[in-house]
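Below are the chains, spelled out letter by letter.
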Amino acid sequence: ALSVSLAADQAELKAGRKATWTLTLTNSGAGHMLPTGDPDRYLEAEFEVVDARGRVVSARRTTMSRWILWWPVIYEYDDTRIPPFESRDLAFSYAVPRRDEGLTLHVRVSYHILTERAYRRLQEKYGLTVEVPHVFTLYEEQMPLREGTVQRQAAARPTSPRCAPEQTHEDETG
């Protein structure tokens, strides 16, 4: 099982000061690495600052997976999955605006059963015509970025995925 918690370094946001949020992902009960199974499976943690018009003005994404070279020999060259009973802390910092600009911090953890490239290949090469869920949101929080917003630490809790496709972003801005 995956447990998720989000904590801020300030109890209340202060205008003009940088705030840092730490997202902690804990492999709290699986007797194996998370994610497990096919190498295309991965966890993605995202921090996004979104303006009032819905535009992403700053973002950080972290992927936890393993990467395998399949040719000319099978070689696992990187593994960033979470081992059993271990945690991964991911931090994101952003300066709180001096005046309310309608900014919101979005924090999301999602589970992908295959890459977007592999999904497009199923559609384009093999004729997949129905929408098949392949990205699942495991955790999501949103909070306004303005002075006085009280920050809390979300209690660590097992996740329960929603079975709906998600849109993904492949670049990092900010």
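What you see as residue numbers is a count from 1 along each chain, following the sequence as written. Thresholds applied to this predicted model are a pLDDT of at least 70 for local features of residues and 80 or more for the giving and counting of side-chain atom pairs; totals over whole chains, interfaces and linings are not thresholded and use all residues. Hydrogens are left out, water is left out, and the side-chain values use all remaining heavy atoms of the structure.

In this section: the overall build of the chain. Numbering of helices and strands starts at the N terminus; helices are DSSP runs of H or I of at least 4 residues and strands are runs of E of at least 2. In terms of regular secondary structure, the chain is built from one helix and ten strands. The order of helices and strands in the chain, counted from the N terminus, is β-β-β-β-β-β-β-β-α-β-β. Relative accessibility thresholds used throughout: buried, under 20% of the residue-type maximum; exposed, over 50%; partly exposed, between the two (1.4 Å probe, protein chains only). In the chain, which comprises 174 residues, the share counted as buried stands at 38%. A contact between two residues is defined here by any heavy atoms of the two lying within 4.5 Å. Residue pairs in contact within the chain that sit at least 24 positions apart in sequence constitute 70% of those at least 6 positions apart.

The next subject is the pattern of salt bridges. A pair is scored as a salt bridge if a Lys or Arg side-chain nitrogen falls within 4 Å of a carboxyl oxygen belonging to Asp or Glu. On inspection of all chains with the given rule, the structure shows nine salt bridges. Put simply, K14 and E12 hold a salt bridge, and the shortest N to O gap is 4.0 Å. Exposure remark for E12: the relative accessible area of 35% places this residue in the partly exposed category. For R66, the salt bridge goes to E76, with nearest N and O atoms at 3.5 Å. Taken as a pair, R66 in strand β5 (residues 66–69) and E76 in strand β6 (residues 75–79) lie far apart in primary sequence, ten residues in all. For E76, a relative accessible area of 38% translates into the label partly exposed. Put simply, E46, E48, R61, R108 and E140 are held in one network by salt bridges that share partners.

Moving on to the packing of aromatic side chains. Each pair of aromatic rings is reported with the distance of its centres and the angle of its planes. Only the six-membered ring of Trp is used, alongside the rings of Phe and Tyr, when aromatic pairs are assigned; centres must lie within 6.5 Å, and planes under 30 degrees apart are stacked while those over 60 apart are edge-to-face, with the rest tilted. This structure, assessed with the given rule, holds one aromatic pair. Pairing F47 with F92 gives two aromatic rings, centres 5.2 Å apart and planes at 10°, and the pair type is stacked. With F47 in strand β3 (residues 42–50) and F92 in strand β7 (residues 87–95), the pair connects residues that are 45 residues apart, well separated along the chain. The exposure classification of F47 matches that of F92, with both residues buried.

Attention now goes to the sheet that holds strand β4 (residues 56–64). With respect to topology, four strands assemble into an open sheet ordered β4-β3-β8-β9, the strand pairing being antiparallel. Among the strands making up the open sheet, the edge pair consists of β4 and β9 (135–144). Taken over all neighbouring pairs, the strand axes of this sheet differ in orientation by 15° on average, direction set aside. Here β3 pairs with β4 via eight bridges, running antiparallel. By the bridge assignment, E44 is partnered in β4 with T63. Should DSSP find at least two bridges between two strands, the strands are taken to pair. Lines fitted to the C-alpha atoms define the axes, with helices restricted to the stretch that makes contact. Angles between their N-to-C directions range from 0 to 180 degrees.

Let us now look at the environment of L25. Within the secondary structure, L25 sits in strand β2 (residues 18–27). Given a relative accessible area of 0%, L25 falls into the buried group. With 63 residues separating them in the primary sequence, L25 and R88 have C-alpha atoms 5.2 Å apart.

Moving on to the pairing of β6. One ladder, built from four bridges, connects β5 with β6; its direction is antiparallel. Each residue of the ladder has a partner; that of L69, found in β6, is Y75. Following β5, the chain reverses through five residues before pairing antiparallel with β6.

With an omega dihedral of -10°, the bond running from L34 to P35 counts as a cis peptide bond. Structurally, P35 can be placed in the loop between β2 and β3. The amide bond that connects W71 to the next residue, P72, takes the cis arrangement and shows omega of 10°. Mapped onto the elements, P72 comes out in the loop between β5 and β6. At F85, a residue that is not glycine, the phi angle is positive and equals roughly 60°. In this fold, F85 is placed in the loop between β6 and β7.

These figures capture arrangement, not role.
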